[in-house]
Amino acid sequence: MRTEQSKTIYLKDYQVPDYLIDETHLTFELFEDHSLVHAQLVMRRNPAAGAGLPKLVLDGQQLELLELKLDDRELGEGDYTLTDSHLTLQPTQERFVVDSSVRIHPESNTALEGLYKSGTMFCTQCEAEGFRKITFYLDRPDVMSKFTTTVSAEKHAYPVLLSNGNPIASGSEEGGRHWATWEDPFKKPAYLFALVAGDLWCVEDSFTTMSSREVALRIYVEPENIDKVQHAMDSLKRSMKWDEEVYGREYDLDIFMIVAVNDFNMGAMENKGLNIFNSSCVLAKAETATDAAHQRVEAVVAHEYFHNWSGNRVTCRDWFQLSLKEGFTVFRDSEFSADTHSRTVKRIEDVAYLRTHQFAEDAGPMAHPVRPDAYMEISNFYTLTIYEKGAEVLRMIHTLLGPELFRKGSDLYFERHDGQAVTCDDFVKAMEDASGIDLTQFKRWYTQAGTPRLEVSEAYDEAAQTYSLTFRQSCPATPGQSEKLPFVIPVALGLLDAQGFELPLRLQGESAAQGTSRVLSVTEAEQTFTFVGVVEKPLPSLLRGFSAPVKLHFPYSRDQLMFLMQHDSDGFNRWEAGQQLSVQVLQELIGQHQRGEALVLDQRLVTALRTLLEDESLDQAMVAEMLSLPGEAYLTEISEVADVEAIHAAREFARKALADALFAPLWARYQANREVSKATPYVAEAAHFARRSLQNIALSYLMLSEKPEVLAACVDQFDNADNMTERLAALAVLVNSPFQEEQGKALAMFADFFKDNPLVMDQWFSVQAGCPLPGGLERVHALMQHEAFTLKNPNKVRALIGAFANQNLINFHRADGAGYRFLADQVITLNALNPQIASRLLAPLTRWRKYGSARQALMKAELERILASGELSSDVYEVVSKSLA
Ligand code: 0A1
Ligand code: ZN
């Protein structure tokens, strides 16, 4: 609960550590009702910290101190002070050894931080500050040490004993126990420590590195999951190869291990040589995991593997620098996915996610820069801003430098800082030094929060044959930052002529055109670029590939957007034109609904989508993406005041109108694809993802027709599909349909068949939690009583409560506030069980400023109720108090 930590920590207060830990020798004795941890720390005064011997202040929480020695001298009570967060003692020499023994209780650790039990196995999660719940330590990332770890446990229940690095010894003890010692030759901060003990099976493979070293690869899972590991193993090998080819990074230990655990707060963790994963990010096979799940497994395996360099070999100096490793690693994993599958589709997915969720965070009470300068609880800063916006910042550096100079910069960064704990400034400096490009102004992306707005206007001078684009940038105030300075905004663009061909791009003052697609750097609050030799008034294609995380405004007409949808050479911008067209059409419908008028769909949207559906030469994944209307959460984000009912009604009306108007082409595409699916074994590759995504989105439209032949096809797909992608899509549309009988049958069959597979049951919960039909809250209440549900498992909380509050907006935002009350109740319960999960679950309530006054009052009342509910964790306290400020 809240201790001294609830005070704010500031970046400006950073000081180098007073002491260093050269070696860390750990011994764990694991028992069912407690565990013992002995730590021997070989320490010395940090020469960079100055003279004298200040007090040594070790972090430690929830530890029962059994024994403490300084250089073999037993310390008594007068020799140290102990609080609920620190152990303080006085060293007497420059170099010394601290020995401590503590008792901890992993068996009752429901916060899933430090050493805990997931099912029957022991595992750890130390990032960011979990190691202090294991032993007394300097638990900060700039203290890097060589670790040796011995684990002992009962042999029958825990045949597998793992830690970081290489195994160096093992043996048996009397009484049925055994032990193993692991040694990690690389210095690392405590947050990368890991330990696992359990009854696990493993799939083993190997990878030969670019310098011909053989690395053993092992993925450990509970025995019943051994058939769901191959996809993760293949993904790991592809990631290792990609990092060699694209970044020149080779793996550095003889063994690389992944362990899947069912109870995990996040997706996965990059502990050195021993990644620990949420089982949802490892396990995948056709029958139980969707295409989306397969892609997530691949991306998370890659992400954690890439951390071995961007995070582990070069780590963060302090937690304000978190995006140094996370933004960079997300950028790396997204490029890996783009290279492995479809680049355009990956970009569309990432941008849609960023704009819906990160933009909302950037506009809310928890808005913070990519490099924050203050926090209360660091766990609250594993955010979309640190990860996703951080990746966009890296992408912009890549865009500004180009691939060759970027690679030179990353080589220099890794070489210069190998084995160090560094800052975002160090990263940018390496990029500047390697490229010769000054990034001083660019660095405002690290320090200023909020999403910039970029307004663009045009002027064509027919006589002079010049075409000018004027850019005006601004950025809204965010907590603690009222004024913003101009950003460097890379704007990739092209100019289209009336036939849709690209014009050569020559700026005033240039001697020749420089291609037909180029990047302009907008650096001023207002800036005009003039193109010369422009023979006709062009249509601009702006911010190609979403070259900067900004809100772009250009007064496109609907006809111009339709033109761009068809002709833009940039695939991302073709999709973007379709999205903007849909947004305009939906906003018109929202207005009609608010004025009590009859809703009328602009037929141009129908025409545009018909053209796409009828063109069989197009990438099916792109067609599927184009058919997906902007979601309610995105429509909320771009509203001044979100009208929940109007947004829902408008979008549902548009879907139904499109379904009716496009029934024939949708049915044709659906049937054709379903036939191919029937005849093709499951393959987790782009072309197959594409076929199934078009098939399934077509089905979701077709079911709105309520025609018997569609219902029959849907039930057939549910009953007979050989893969979860088709089966779950059919289940979802049945659940959202009025066909009660078929729906009930399908839900029951599904639960009966998959009751022993918790990850599949998560999907079953989510599909129902997301159903927008009336009575959503009551259904969620009932599902919480289901035997497969428990608040103790984060995946279950996310699947049911998280899906309800984040994806079922019409039910969550019920006008009577019952949805808010429900969420607050869950947050209050979870606050005591698992503060990190409680605090994340809160996010939808923090967005109260988006809604009308009645909802605002109801949401704020629930935040106040949480605040008054008793002893809050620092996690929940920080989010609630900042939301009400
Ligand atoms: N570094 C991990 C994310 C992570 C962060 C915190 C955790 O526990 C509180 C767990 C994982 C990653 O980026 O994958
Ligand atoms: Zn990461």
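Fair warning: this is a prediction, and the values are worked out from it, not measured in the lab.

Novice: Summarise the overall build of the protein; cite the residues concerned and give the values.
Specialist: In terms of regular secondary structure, the protein is built from 27 helices and 31 strands. The C-alpha atoms of the protein give a radius of gyration of 28 Å, which matches the 29 Å a tight globule of 885 residues would have. Projected onto its principal axes, the C-alpha coordinates of the protein cover approximately 85 × 70 × 60 Å. Looking at the 885 residues of the protein, the share that counts as buried comes to 59%. Within the protein, contacts between residues separated by at least 24 positions form 71% of all contacts whose residues are at least 6 apart in sequence. Element-wise, carbon and sulfur atoms account for 51% of the exposed surface of the protein, whose accessible area totals about 33,100 Å². If the 85 positive side-chain charges of the protein are averaged to one point and the 124 negative ones to another, these points end up 2 Å apart.

Novice: So, the packing of aromatic side chains: which residues are in play, and what are the values?
Specialist: Considering all chains together, one arrives at 43 aromatic pairs under this definition. Between Tyr19 and Phe96 the ring centres are 5.5 Å apart and the planes differ by 80°, which places this aromatic pair in the edge-to-face class. Taken together, the positions of Tyr19 in strand 2 (residues 19-30) and Phe96 in strand 9 (residues 95-104) put the pair 77 residues apart, joining distant regions of the chain. The residues Tyr19 and Phe96 share a single accessibility class, namely buried. With a centroid separation of 5.9 Å and 10° between ring planes, the pair formed by Trp667 and Tyr670 is classed as stacked. Of this pair, Trp667 and Tyr670 both sit in helix 14 (residues 663-679), three residues apart, which is roughly one turn of the helix. Each member of the pair Trp667 and Tyr670 is classed as buried. The aromatic ring of Phe718 is capped on one face by Arg727, whose charged end is 5.9 Å from the ring centroid.

Novice: Outline the domain arrangement of the protein, listing residues and values.
Specialist: According to the domain assignment, the protein consists of domain 1 (19-263), domain 2 (453-553) and domain 3 (554-705). Just the C-alpha atoms count here: the centres of domain 1 and domain 2 sit 52 Å apart.

Novice: Go over the sheet that holds strand 16 (residues 195-198), please, and point to the residues and values.
Specialist: The strands that make up a sheet are held in pairs by hydrogen bonds between backbone atoms, and each pair lies either parallel or antiparallel. Taken in spatial order, the four strands make up an open sheet running 10-11-16-13, and their pairing is antiparallel. Both outer strands of the open sheet, strand 10 (114-118) and strand 13 (160-163), are each paired with one neighbouring strand and no more. For this sheet, the mean angle separating the axes of adjacent strands, direction not counted, is 20°. Note: strand 11 (residues 121-125) against strand 16, two bridges, orientation antiparallel. Directly across from Phe122, in strand 16, lies its bridge partner Ala197.

Novice: Could you give an account of the packing of helix 17 (residues 724-735) against helix 19 (residues 758-769), naming the residues involved and the relevant values?
Specialist: At a closest axis distance of 9 Å, the pairing of helix 17 and helix 19 adopts a crossing angle of 30°. When the axis of helix 17 is compared with that of helix 19, the two are roughly parallel. As for how helix 17 packs across helix 19, the hand of that crossing is right-handed. Residue-level inspection shows Met724, Leu728, Leu731, Ala732 and Val735 of helix 17 in contact with helix 19, the latter providing Val760, Gln763, Trp764, Val767 and Gln768. When the residues that make up the contact of helix 17 with helix 19 are grouped by side-chain class, the tally is eight nonpolar, two polar and no charged.

Novice: Give a detailed account of the site of ligand 1, specifying residues and quantitative values.
Specialist: Around ligand 1, the surrounding shell holds 14 residues, and the nearest of these are Glu127, Glu270, Glu304, Glu326 and Tyr387. Here Gln125 contributes a side-chain N or O atom positioned 3.2 Å from an oxygen atom of ligand 1. Within the contact set of ligand 1, a nitrogen atom lies 2.7 Å away from a side-chain nitrogen or oxygen of Glu270. For the shell around ligand 1, the residue count by class is five nonpolar, four polar and five charged.

Novice: How would you explain the state of the cysteines if you had to name every residue and give the values?
Specialist: Evaluation of the coordinates by the stated rule reveals zero disulfides. Summary of cysteine pairing: Cys281 is not part of a disulfide, and the nearest cysteine sulfur, belonging to Cys123, is at 14 Å. Looking at Cys424, it has no disulfide partner, and the nearest cysteine sulfur is the one in Cys316, 7.3 Å off.

Novice: Break down the side chain of Thr24 for me, with residues and values.
Specialist: Position of Thr24 relative to the elements: it lies in strand 2. On the basis of relative accessibility, which here comes to 0%, the residue Thr24 falls in the buried class. In this structure, Thr24 is in contact with Gln40, Leu41, Tyr137, Ser145, Lys146, Phe147 and Thr148, ignoring residues within four places of it in sequence.

Novice: Can you lay out the coordination of the zinc ion (ligand 2) for me, pointing to particular residues and giving the numbers?
Specialist: Protein coordination at the zinc ion (ligand 2): the donors are His303 (NE2), His307 (NE2) and Glu326 (OE), at 1.9 to 2.0 Å from the metal. On the primary sequence, the residues serving as donors to the zinc ion (ligand 2) are separated as H-x3-H-x18-E. Overall, the relative accessible area of 9% leaves His303 in the buried class.

Novice: How would you summarise the nonpolar core if you had to cite specific residues and measurements?
Specialist: Grouped together as the largest cluster of nonpolar side chains are 278 residues, with contacts concentrated most on Phe28, Phe427, Phe471, Phe531, Leu731 and Leu845. The element contributing the most residues to this core is helix 5 (residues 384-417), with eleven residues. Each residue touching Phe531, except ones within four places of it in the same chain, is listed here: Gln465, Thr466, Tyr467, Leu469, Leu493, Leu495, Leu505, Arg506, Leu507 and Leu520.

Novice: Which residues make up the sheet that holds strand 18 (residues 214-221), and what values do they have?
Specialist: Spatially, 17-18-19-21-20 is the arrangement adopted by the five strands of the open sheet, whose pairing is mixed. Pairing within the sheet leaves two strands with one partner each, and these edge strands are strand 17 (201-208) and strand 20 (268-269). Note that strand 17 and strand 18 share eight bridges and pair antiparallel. From the neighbouring strand, Val203 faces strand 18, where its bridge partner is Ile219. Running over the sheet, helix 2 (residues 291-306) touches strand 19 (255-261), strand 20 and strand 21 (274-278) and is turned about 150° from strand 21.

Novice: I'd like a rundown of helix 5, residues and numbers included.
Specialist: Owing to its 3.6 residues per turn, the α-helix aligns residues three or four sequence positions apart on the same side. For helix 5, spanning 34 residues, the distance from its first C-alpha to its last is only 26 Å, which falls clearly below the expected 50 Å at 1.5 Å a residue. At Gly402, helix 5 is bent by approximately 115°, the largest bend along its length, and proline Pro403 sits one to four residues beyond. Among the residues trailing helix 5, Gly419 stands out with phi positive, at a value near 80°.

Novice: Can you break down the pairing of strand 13 residue by residue, with the values?
Specialist: With burial as the criterion, each face of strand 13 is covered, one bearing Val160 and Leu162 and the other bearing Leu161 and Ser163. When strand 13 meets strand 16, the two strands line up antiparallel, connected through four bridges. Bridge pairing in strand 16 links Leu162 to Val196.

Novice: Break down the pattern of salt bridges for me, citing the residues and quoting the values.
Specialist: Close approach of charged atoms allows side chains with opposite charge to pair. All chains considered together, the criterion is met by 66 salt bridges. A salt bridge links Glu270 to Lys325; its shortest N-O distance comes to 2.7 Å. Within this pair, whereas Glu270 is found in the loop between strand 20 and strand 21, its partner Lys325 is found in helix 3 (residues 322-340), the two being separated by 55 residues in sequence. Grouping residues by exposure puts Glu270 and Lys325 together as buried.

Novice: How would you explain unusual backbone geometry if you had to name every residue and give the values?
Specialist: Cis rather than trans, the peptide bond between Glu127 and Ala128 has omega equal to -5°. Phi is positive for Asp71, close to 45°, though the residue is something other than glycine. With respect to the secondary-structure elements, Asp71 resides in the loop between strand 5 (64-70) and strand 6 (73-74). We note that Leu112 has phi near 60°; this positive angle belongs to a residue other than glycine. Its location among the elements puts Leu112 in the loop between strand 9 and strand 10. Note on Leu112: relative accessible area 5%, which makes it buried.

Thresholds, definitions, all that
- Residues numbered from 1 in each chain as written.
- Chains lettered and ligands numbered in written order.
- Predicted model: local features only at pLDDT ≥ 70, side-chain atom pairs only at ≥ 80, totals over all residues.
- Heavy atoms only, no water.
- Helix = DSSP H or I, 4+ residues; strand = E, 2+ residues; numbered from the N terminus.
- Rg over C-alpha atoms; globule rule 2.2 N^0.38 Å.
- Buried < 20%, exposed > 50% of the residue type's maximum accessible area, 1.4 Å probe, protein only.
- Contact = heavy atoms within 4.5 Å.
- Areas by Shrake-Rupley, 256 points an atom, 1.4 Å probe, with all protein chains shown as cover.
- Lys, Arg positive; Asp, Glu negative; His and termini not counted.
- Charge placed at Lys NZ, Arg CZ, Asp CG, Glu CD.
- Phe/Tyr/Trp six-rings, centres within 6.5 Å; stacked < 30°, edge-to-face > 60°.
- Lys NZ or Arg CZ within 6 Å of the ring centre and 35° of its normal.
- Domains from an automatic or database assignment.
- Pairing = 2+ DSSP bridges.
- Axes fitted to C-alpha atoms, helices over the stretch in contact; angles between N-to-C directions.
- Parallel < 35°, antiparallel > 145°, perpendicular 65-115°, else oblique.
- Left-handed = near helix turned anticlockwise from the far one by under 90°.
- Nonpolar A, V, L, I, M, F, W, Y, C, P; charged D, E, K, R; others polar.
- Near = heavy atom within 4 Å.
- Polar contact = N/O pair within 3.5 Å; in protein donor to acceptor, adjacent residues only side chain to side chain.
- Disulfide = S-S within 2.5 Å.
- Donors = N, O, S within 2.8 Å, 3.2 Å for Na, K, Ca; no water.
- Core = buried A, V, L, I, M, F, W, Y, C linked by side-chain atoms within 4.5 Å.
- Expected span 1.5 Å × (residues − 1).
- Bend = angle between axes of the 7 residues up to and from the residue.
- Salt bridge = Lys/Arg side-chain N within 4 Å of Asp/Glu carboxyl O.

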